Amino acid sequence: MTDVGRPADDLDALRSWQRPLRAQFPIITAHPELAYLDSAATAQKPQAVLDAVHSYLTTSNANAGRGTYPWANATTALVERTRDRVKEFLHDPAPDRSTVHFTGGTTEGLRTVARDWLTTFLTDGDEIVVPFADHQANLAPWLEAQQLLAQRGVHIRVRRLPCQAGSGDYDPVAFAALLGPRTRLVAATHVHHVYGGDMNVHRLREAAGPHVPICLDAAQSIGHLPVSMAELDVDFVVFSGHKALALPGTGAVWSRGLRGPAFRPGGWQGTPNTVGIAALAAALDWLEAAGPDRIERWTVALAARLTDGLRQLARYQVLGCRASLSAASAVQRRRSIVTFRHRDIASHDLGFILYSHGFMVRSDHHCQAGADAGAKDGSVRVSLHVHNTPEEVDALLSTLTSLQ
Ligand code: PMP
């Protein structure tokens with residue numbers, strides 16, 4: 001986790017850095033009348049990613065791992081290079097020990113860890129701890145694994161990772177109390193897709209001690225902030241390419257191999273999504289060049305501006321970490337996601353109203369398991385990326401004010 005300074009200052013300091021980056025998103029510059037505020041659902045792509053797709057398909061498209069000719073060898077090399085690129089991007093301190101397995105996205109990645117790793121070694125009475133208030137993708141695969149094991153006569157206990165009321169943060173004290181000698185895995189999320197908070201996974205590691213594997217859903221952090229395996233002592237990192245500026249249908253499972261058996265995704269894998277892998281490599285290069293630390297500062301500052309503005313508006317309720325909403329806060333924990341409700345206008349209606357003013361937001365239950373975000377009619381989520389601007393945030397606030 002990087003130290004984030006005063007968000008308001010960051011917007012001034014980073015403006016000249018941000019402007020040319022925004023210009024690199026063709027779909028954004030083609031529609032100045034629209035504001036794309038739904039990057040947590042899927043991110044827009046910079047020109048470099050589009051170019052990488054075109055270049056791969058027009059210079060070396062072939063299958064990977066099967067080649068006796070240059071295009072096939074180039075594709076094999078691309079896949080291997082991208083695995084190394086993922087490790088580099090994660091600041092993997094021991095890349096010789098880790099593996100990167102490409103998947104179709106976070107959901108598929110987590111399911112692969114649950115099915116092809118977890119179910120291979122659990123025995124009767126083992127326990128896992130999973131987050132019941134995070135994305136469905138980080139709950140369903142673990143419950144499916146429990147069912148699969150039960151069909152084989154192995155009964156495991158699934159414990160609920162405890163959260164603090166209000167903020168939605170994990171509660172490390174309550175968490176520590178439910179760990180025991182049979183705990184075999186903790187599944188957690190890096191940045192919450194509804195509350196927008198950094199879930200402070202390092203505190204889970206402190207509470208869990210050195211031996212329990214942790215599997216991290218990094219769908220909302222990769223591409224938004226520096227993610228360092230040298231700092232986060234987790235065993236799996238799972239993410240989606242499409243949220244990290246690459247294409248849908250790609251993602252990766254990074255696995256460290258320190259705790260528990262080695263991760264060996266089962267069965268015949270078939271042809272990898274080589275175009276998606278080319279795009280992922282280009283996206284990671286682009287993000288690295290732009291600077292994940294500056295992307296973090298910029299988007300945190302925009303989110304703080306929006307949350308501060310919303311706090312002035314009596315008819316709106318912001319969900320998630322209320323203690324550090326302010327742009328003046330030195331401990332800004334909210335990342336690039338701000339989710340709220342209007343007291344009188346149903347969230348779904350608010351979504352349509354906002355689009356009529358040019359704002360693309362997400363308004364529903366956000367696939368949250370055990371939906372609190374859902375309460376009654378869902379909520380409106382604004383999620384920001386590097387191409388967004390303070391002007392877009394201010395225009396949104398002024399529209400929301402007019403709906404008071
Ligand atoms: N986890 C989180 C935190 C997410 O936000 C999402 C996507 N909204 C997912 C998992 C699932 O990602 P995908 O749909 O790419 O599999």
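Our structure is the block above this text.
The rules behind the values
Residues numbered from 1 in each chain as written. Predicted model: local features only at pLDDT ≥ 70, side-chain atom pairs only at ≥ 80, totals over all residues. Heavy atoms only, no water. Pairing = 2+ DSSP bridges. Helix = DSSP H or I, 4+ residues; strand = E, 2+ residues; numbered from the N terminus. Axes fitted to C-alpha atoms, helices over the stretch in contact; angles between N-to-C directions. Contact = heavy atoms within 4.5 Å. Buried < 20%, exposed > 50% of the residue type's maximum accessible area, 1.4 Å probe, protein only. Near = heavy atom within 4 Å. Polar contact = N/O pair within 3.5 Å; in protein donor to acceptor, adjacent residues only side chain to side chain. Areas by Shrake-Rupley, 256 points an atom, 1.4 Å probe, with all protein chains shown as cover. Nonpolar A, V, L, I, M, F, W, Y, C, P; charged D, E, K, R; others polar. 1 Å grid on protein atoms, 1.4 Å probe; cavity = no way out; pocket = protein on both sides within 12 Å on 5 of 7 lines; lining within 4 Å. Points joined across faces, edges and corners; volume = space filled by probe spheres on them.

1. A word on the sheet that holds strand S10 (residues 337-342)
- Overall, antiparallel pairing links the 4 strands, which are arranged S9-S10-S13-S12 in an open sheet. A single partner strand is all that each edge strand has here, and the edge strands are strand S9 (316-318) and strand S12 (362-364). When the angles between neighbouring strand axes are averaged without regard to direction, this sheet yields 30°.
- Packing against the sheet, helix H11 (residues 347-356) makes contact with S9, S10, S12 and strand S13 (379-383), and its axis sits at approximately 45° to S13.

2. With respect to the sheet that holds strand S3 (residues 127-130)
- An order of S2-S8-S7-S6-S5-S3-S4 is seen for the 7 strands of this open sheet, with the pairing classed as mixed. Looking at the sheet topology across the chains shown, the edges are occupied by strand S2 (99-103) and strand S4 (157-160). Sheet twist, expressed as the average angle between the axes of neighbouring strands with direction ignored, equals 15°.
- Relative to strand S8 (residues 251-255), S2 runs antiparallel, the two sharing 5 bridges. Residue Thr 103 lies in a different strand from S8, and its bridge partner there is Gly 251.
- Relative to the sheet, helix H4 (residues 70-89) contacts S2, strand S7 (236-240) and S8, its axis offset from that of S2 by approximately 115°.
- The sheet strands contacting helix H5 (residues 106-116) are S2, strand S6 (214-217), S7 and S8, and the helix crosses S7 at an angle near 150°.

3. Remarks on the side chain of Gln 18
- Its location among the elements puts Gln 18 in helix H1 (residues 7-22).
- Judged by relative accessible area, Gln 18 falls into the buried class, the value being 4%.
- Ignoring anything within four residues of it in the chain, the contact list for Gln 18 reads Trp 298, Val 386, His 387, Asn 388 and Thr 389.

4. Quick word on the site of the ligand
- In the vicinity of the ligand, the contacting residues are Thr 106, Thr 107, His 135, Ala 137, His 193, Asp 217, Ala 219, Gln 220, Ser 240, His 242 and Lys 243.
- Side-chain polar atom of His 242 to an oxygen atom of the ligand: 2.8 Å apart, as the coordinates give it.
- In the complex, the protein chains occlude 86% of the 400 Å² of accessible area that the ligand would expose alone.
- Class assignment of the residues belonging to the shell around the ligand gives a composition of 2 nonpolar, 7 polar and 2 charged.

5. Looking at the layout of surface pockets
- Each pocket or cavity is described by its volume, and for the largest pocket that value is around 480 Å³.
- Around the largest pocket sit 26 residues that line it, and Phe 102, Gln 269, Gly 270, Thr 271 and Pro 272 are the ones nearest its centre.
- For the lining of the largest pocket, the elements supplying multiple residues, two or more each, are H4, S2 and H5.
- In this model, the second largest pocket occupies a volume close to 230 Å³.
- Lining the second largest pocket are 13 residues, and of these Leu 78, Arg 81, Thr 82, Ala 278 and Ala 281 sit closest to its centre.
- Counting only elements with at least two residues in the lining of the second largest pocket, the list comes to helix H3 (47-59), H4 and helix H9 (274-290).
- It is H4 that provides the largest number of residues to the lining of the second largest pocket, a total of 5 residues.
- Per-class residue counts for the lining of the second largest pocket are 7 nonpolar, 3 polar and 3 charged.

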